[in-house]
Amino acid sequence: MLRFETSEMLARFLGSTPILTESWNLCARSNVMAPQGFLIDEVGGVTYVAFSGVQSLDGLEPRCGNLVPLSVASAGVSPVYGGADGGMFSALQKQSDDNLVMVDAGLLQLFLNIYHTPVFQNQMFEIKKKQKPVVFTGHSIGGAIAALSSLWLLSYYQSISSPPSVICFTYGSPLIGNEPLSRAIHQQRWGGNFCHLVSKFDIMPRLLFAPLAPITNHLNTLLKSWQSTMNSPFLIRGLGNQLVELEKSDLFRFVLHYVEATARSLEVGANSFVPFGNFMFCSSDGAVCVDETVAIVRMLHLTFASSSPSSSIDDHLEYGSYVEKISLQFLNRSGDEVCESNTYEAGVTLASQSVSTGQEHMVKPIKDCLRVARRIGPTPNLNSAKLAIGLSKIAPLRAQIEWYKALCDESDDQLGYYDSFKLRGASKRDFKVLMNRVKLGEFWNNVIDMLEKNQLPHDFHKRAKWVYASQSYKLLVEPLDIAEYYRSGEYRKKGHYLKHGRARRYEIFDKWWRERDIYWENDNSSKNRSKFASLTQDSRFWAKVEEARNWVESVKCERDPQELTVLWANIEKFEQYARGMVERKEVSIDVLAKNSSYMRLSEDLRILRLQLPYFSPQIYGVLDRKVLP
């Protein structure tokens with residue numbers, strides 16, 4: 001999937017390809033030809049979907065500026081059209097943690113109005129069927145609809161291995177959601193899929209920092225004026241009612257006050273609007289890309305503070321001219337200036353001058369802001385390199401656990417790896433393995449934390465080195481986590497491991513493994529095994545054994561025929577699963593150790609079936625199966 005590790009990479013990409021021009025041209029056409037709708041075009045194997053910035057404003061006044069949970073979008077939506085689990089934005093809702101992921105109610109409603117139309121559903125069906133790259137784009141309010149459409153399709157593609165690229169370009173779009181939304185997008189590694197072009201004076205991208213209720217009348221007049229011009233084939237200005245100079249001044253100062261307050265604040269509340277993705281600040285002299293949230297907010301303030309009431313309104317209609325100049329100017333500068341010095345400092349100077357020409361007093365604050373963004377931490381690639389060193393340093397911890405497993409598998413007590421650790425004593429060897437397990441968990445939790453904070457490359461979770469390292473760690477160590485969970489009795493307090501005790505890192509590693517590129521897969525993975533695996537290929541195997549043991553114990557004392565039927569159905573399902581694992585030799589030899597939990601469960605089931613005459617005949621039909629091997 002096409003994404004950009006840094007804002008510098010994005011700037012170079014946009015400066016050297018026609019994608020920016022193509023997306024803007026379709027935006028301009030949709031403003032004129034498809035009010036309240038969208039246009040689709042295909043260029044060079046890429047499908048462009050442009051949403052019109054000319055949208056109906058009727059009934060939006062009470063909603064715009066108010067945040068609502070993103071989950072409300074899924075109400076009444078068929079799972080066929082939603083995300084992997086039936087929710088339209090399921091991937092983002094799962095990442096919400098303690099704070100709700102929220103979006104602007106009015107903008108969400110505009111998206112849903114289009115989403116539920118047969119035309120949109122049919123077009124999206126064709127796009128998903130083609131499995132080709134898609135670019136969502138839009139100007140003004142259309143940009144917000146494009147962003148929500150991108151988030152919907154990215155969520156839908158969560159269940160697909162190697163999905164096609166989904167990129168979003170917006171022009172003068174308002175912000176759409178709160179900090180938990182921004183955080184969830186970064187946790188999903190989607191920040192690099194979004195590029196928001198913002199002209200340095202445009203009031204629209206800053207608008208939702210301010211409460212809208214006090215400026216409703218001014219805002220309605222302004223939006224209608226903008227849309228009249230956007231809907232005109234020749235961008236004729238002055239159509240319809242216009243704000244007078246005093247009204248423009250009042251609106252500008254009101255919004256500027258709240259933008260400045262947001263930029264000065266060190267904390268952002270869950271009910272505040274927050275940017276996400278890459279922001280390209282543009283002017284007639286060039287552009288600069290920023291991808292760090294704090295720096296984006298400060299740039300939104302610094303550039304807007306140098307504006308004027310009239311230019312803050314007029315600049316919203318200038319994106320066409322800015323797009324025409326960006327590519328040529330970037331190529332000229334990168335060849336003559338940036339490459340000569342090859343330093344980030346030179347790039348900062350050029351970028352700040354591009355967005356502050358004629359405003360020399362703003363050069364230093366903007367340069368400082370860009371340096372702060374650069375100083376937030378080491379580059380993603382440097383962090384990745386440091387983690388690789390860390391991975392080599394923990395290799396001995398893993399080797400000690402592998403040695404411990406070999407000893408357990410060869411032990412005379414024939415308990416096997418899992419049961420030996422579960423029933424361990426107080427030896428130094430057992431304690432060493434326990435501590436190694438904890439240290440390895442801390443390392444991998446740190447990897448995930450860095451990934452979700454956008455401190456690692458965007459494709460980190462798709463790199464073979466880390467996909468295989470995480471899978472190998474999971475297969476070796478998760479059985480120990482399961483053993484500790486049941487040894488400590490946690491399952492009695494919280495419930496069984498799979499639903500109530502499994503560490504989030506393992507679920508993430510499951511996803512990495514499912515989504516690995518096909519060319520990474522070992523040829524042996526699709527062939528029949530001639531001997532048992534060194535590690536059981538389902539790291540959750542022992543948790544399923546523990547649940548099955550619980551069902552067997554419940555059968556012995558249960559008298560309700562319906563409950564017995566359910567219990568035996570569960571046991572039957574487990575038997576089929578386990579039998580398949582053994583027959584395919586996808587289990588380690590410790591599973592078949594004479595005194596392992598699995599073999600003891602097999603024996604319990606054999607004895608239980610011999611006692612079937614003592615059970616209700618209503619359950620006989622469920623039990624007409626072979627005994628576990």
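Residues numbered from 1 in each chain as written. Predicted model: local features only at pLDDT ≥ 70, side-chain atom pairs only at ≥ 80, totals over all residues. Heavy atoms only, no water.

Asks: How should I be thinking about the pairing of strand β6 (residues 166-171) in this particular structure?
Replies: Counting buried residues along β6, six of its six residues qualify, which places the element largely inside the surrounding structure. Because side chains alternate across β6, one face comprises the buried residues Val166, Cys168 and Thr170, and the other comprises Ile167, Phe169 and Tyr171, equally buried. Sheet topology note: the strand β5 (residues 134-139)/β6 ladder contains six bridges and is parallel. When the sheet's bridge partners are listed, Gly138 is paired in β6 with Thr170. By the bridge criterion, four bridges tie β6 to strand β7 (residues 194-199) in an arrangement that is parallel. Across the sheet, residue Cys168 finds its bridge partner in β7, namely Phe194. You can see the chain leave β6, run along helix α7 (residues 179-187) and come back into β7, and the turn it takes is right-handed. (Buried < 20%, exposed > 50% of the residue type's maximum accessible area, 1.4 Å probe, protein only. Helix = DSSP H or I, 4+ residues; strand = E, 2+ residues; numbered from the N terminus. Pairing = 2+ DSSP bridges. Right-handed = clockwise from strand over helix to strand, strands pointing away.)

Asks: I tried to follow the environment of Ser311 on my own but got confused; where do I start?
Replies: Looking at where Ser311 falls in the secondary structure, it is placed in helix α11 (residues 309-314). Considered as a pair, Ser311 and Lys248 are 63 residues apart in the sequence and their alpha carbons are 9.9 Å apart. Here Ser307 takes part through its side chain, which lies 2.8 Å from a polar atom of the side chain of Ser311. (Polar contact = N/O pair within 3.5 Å; in protein donor to acceptor, adjacent residues only side chain to side chain.)

Asks: How do you make sense of helix α15 (residues 380-393) when you look at a structure like this?
Replies: Side chains three or four residues apart in an α-helix point the same way, a direct result of the helix having 3.6 residues per turn. Taking 1.5 Å per residue, 14 residues should reach 20 Å; α15 reaches 20 Å between its end C-alpha atoms and fits that length. For α15, the set of buried residues is Pro380, Asn383, Ser384, Leu387, Gly390 and Leu391. All buried residues of α15 fall inside an arc of 115° around its axis, so they share one side. (Expected span 1.5 Å × (residues − 1). Arc of directions from axis to C-beta.)

Asks: Would you mind going over the side chain of Lys405 with me for this structure?
Replies: Here Lys405 is to be found in helix α16 (residues 395-410). Assessed through its relative accessible area of 7%, Lys405 is described here as buried. A polar contact of 3.3 Å, which involves the side chain of Lys405, links it to the backbone oxygen of Ser534.

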